[in-house]
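# Chain and residue survey
As a plain string of letters, each chain reads:
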Amino acid sequence: MAIDKNMNVLIVDDYKTMLRIIRNLLKQLEFDNVEEATDGAEALAKLRAGNFGLVISDWNMEPMTGLDLLKEVRADSRLKNLPFIMITAESKTENVVAAKQAGVSNYIVKPFNAETLKEKIEKVLVHA
Amino acid sequence: MPDQNPEQIERAVREVLGSLSGDLTTTEISLLGELEALGREVARAKSEIAALRVDDINDRHIPTATDELDAVVEHTATATNEILDVCEGLEKLQTKLPAEHADALGVAVTRIYEACSFQDITGQRITKVVSALKVIEQRVSDVTRRFGTTESQPAPEPEVAITPETEGRALANGPQLPTAASSQADIDRLLASFD
């Protein structure tokens, strides 16, 4: 199945530099419609107001974490099937298990490489 | 009695010693010896803590350390953003290069982007260190108030455990040390085990 690279992608991270890195890597993968949010609450507002095909979110943010954002997304009737990739330095088993139980589509541990990002995005969007 | 004020202990020791009169039993003599030793220990601890100049730790050393760490985060962020500026400039040049060179440049720029994510990890690690320093600062302050000051000063506030309000907050611990961290392959295996 072909991936629609014109879809809107929301990237969420409280480190502006990381947002810039992910945006540039997505651009190399030909995803040009990328929006940013710096915490879960801002991301949720954008998701509810817009039309996104993919969320790539950090975990550790204030005031709303990535896991809490994921739970809100899965509880929202319009957003519940939205592909959601967690991209985080939280690498403990309990974090991965909690994210999976909350409905994460895939999980990338920082530091990551471009190939891993590409692979996970393709996997998630093909199965969406 | 871990929270007992040392001044109160000292006073209690004096009162007990003062109340002892007449012939003493072996047990009372032993108790007296223990109390004297305890009194000496309290006095020694007070004098050692006073000699530590703990005010310097809270007023100067810890604020300086946290300021320095904040500066490290700021400088690495600035440097990383400059590197990213240059990379974005190089990407614009790609279209003007022969395909072979453009591809090589693209691969190199991607590797730089990947490497620049160090700034995020470094920032998170430094935040953890700053949090640890703040806990040390609070503990030093508590010890100072308990042992190194006069009775007229207020007793330290009891420590309140901060309960994370969400599961996401409770599990937010920041980066693991490399020896303890799971790899992407470990995580992929774990996720696959749910399928």
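Report on the accompanying structure. (Residues numbered from 1 in each chain as written. Chains lettered and ligands numbered in written order. Predicted model: local features only at pLDDT ≥ 70, side-chain atom pairs only at ≥ 80, totals over all residues. Heavy atoms only, no water.)

### Observations concerning the overall build of chain A
Check the secondary structure of chain A and you find 5 helices and 5 strands. Ordered by position from N to C terminus, the α and β elements of chain A give β-α-β-α-β-α-β-α-β-α. Overall, the C-alpha framework of chain A stretches about 30 × 30 × 25 Å when taken along its three principal axes. Long-range pairs, those at least 24 residues apart, make up 65% of the contacts in chain A between residues at least 6 apart in sequence. Just so you have it, chain A exposes about 5,200 Å², and 46% of that area is on carbon and sulfur atoms. (Helix = DSSP H or I, 4+ residues; strand = E, 2+ residues; numbered from the N terminus. Contact = heavy atoms within 4.5 Å. Areas by Shrake-Rupley, 256 points an atom, 1.4 Å probe, with all protein chains shown as cover.)

### Remarks on the environment of Asp76(A)
Residues and elements named next belong to chain A. Summarising the element assignment, Asp-76 is placed in the loop between α3 (66-75) and β4 (84-88). In this structure Asp-76 comes out as buried when scored by relative accessible area, which is 15%. In sequence terms Asp-76 and Arg-20 are 56 residues apart; their C-alpha atoms lie 28 Å from each other. (Buried < 20%, exposed > 50% of the residue type's maximum accessible area, 1.4 Å probe, protein only.)

### What to know about the pattern of salt bridges
In this structure the tally under the stated criterion is 18 salt bridges over all chains. When the shortest N-O distance is used, the salt bridge between Glu30(A) and Lys5(A) registers 3.9 Å. Here Lys5(A) lies in the segment before β1 (9-12) and Glu30(A) lies in the loop between α1 (16-28) and β2 (34-37), a separation of 25 residues in the sequence. On the basis of relative accessibility, which here comes to 29%, the residue Lys5(A) falls in the partly exposed class. What you see here is one network of salt bridges that share partners, running through Asp13(A), Asp58(A), Lys110(A) and Asp120(B). (Salt bridge = Lys/Arg side-chain N within 4 Å of Asp/Glu carboxyl O.)

### A few points about α3(A)
Every buried residue of α3(A) is listed here: Gly66(A), Leu67(A), Asp68(A), Leu69(A), Leu70(A) and Val73(A). The elements touched by buried residues of α3(A) are β1, α2 (40-49), β3 (54-57), β4 and α4 (93-102) of chain A together with α6 (167-170) of chain B.

### Regarding the side chain of Gln184(B)
Take Gln184(B): it is sitting in helix α7 (residues 184-192). Its relative accessible area of 16% is what places Gln184(B) among the buried residues. At 2.9 Å, the side chain of Gln184(B) forms a polar contact with the backbone oxygen of Tyr107(A). Each residue touching Gln184(B), except ones within four places of it in the same chain, is listed here: Tyr107(A), Ile108(A), Val109(A), Thr116(A) and Lys120(A). (Polar contact = N/O pair within 3.5 Å; in protein donor to acceptor, adjacent residues only side chain to side chain.)

### Quick notes on the environment of Glu114(B)
Looking at where Glu114(B) falls in the secondary structure, it is placed in helix α4 (residues 99-116). Aside from chain neighbours lying at most four places away, what touches Glu114(B) is Phe112(A), Asn113(A), Ala114(A) and Glu115(A).

### A short note on the packing of α4(A) against α7(B)
Running from amino to carboxyl end, α4(A) crosses α7(B) at an angle of 40 degrees, the nearest separation of the two axes being 10 Å. The angle between α4(A) and α7(B) falls in the class oblique. The chirality of how α4(A) crosses α7(B) is right-handed. Residues Thr93(A), Val96(A), Val97(A) and Lys100(A) of α4(A) pack against Ile187(B), Leu190(B) and Leu191(B) of α7(B). Partitioning the contact of α4(A) with α7(B) into residue classes produces 5 nonpolar, 1 polar and 1 charged. (Axes fitted to C-alpha atoms, helices over the stretch in contact; angles between N-to-C directions. Parallel < 35°, antiparallel > 145°, perpendicular 65-115°, else oblique. Left-handed = near helix turned anticlockwise from the far one by under 90°. Nonpolar A, V, L, I, M, F, W, Y, C, P; charged D, E, K, R; others polar.)

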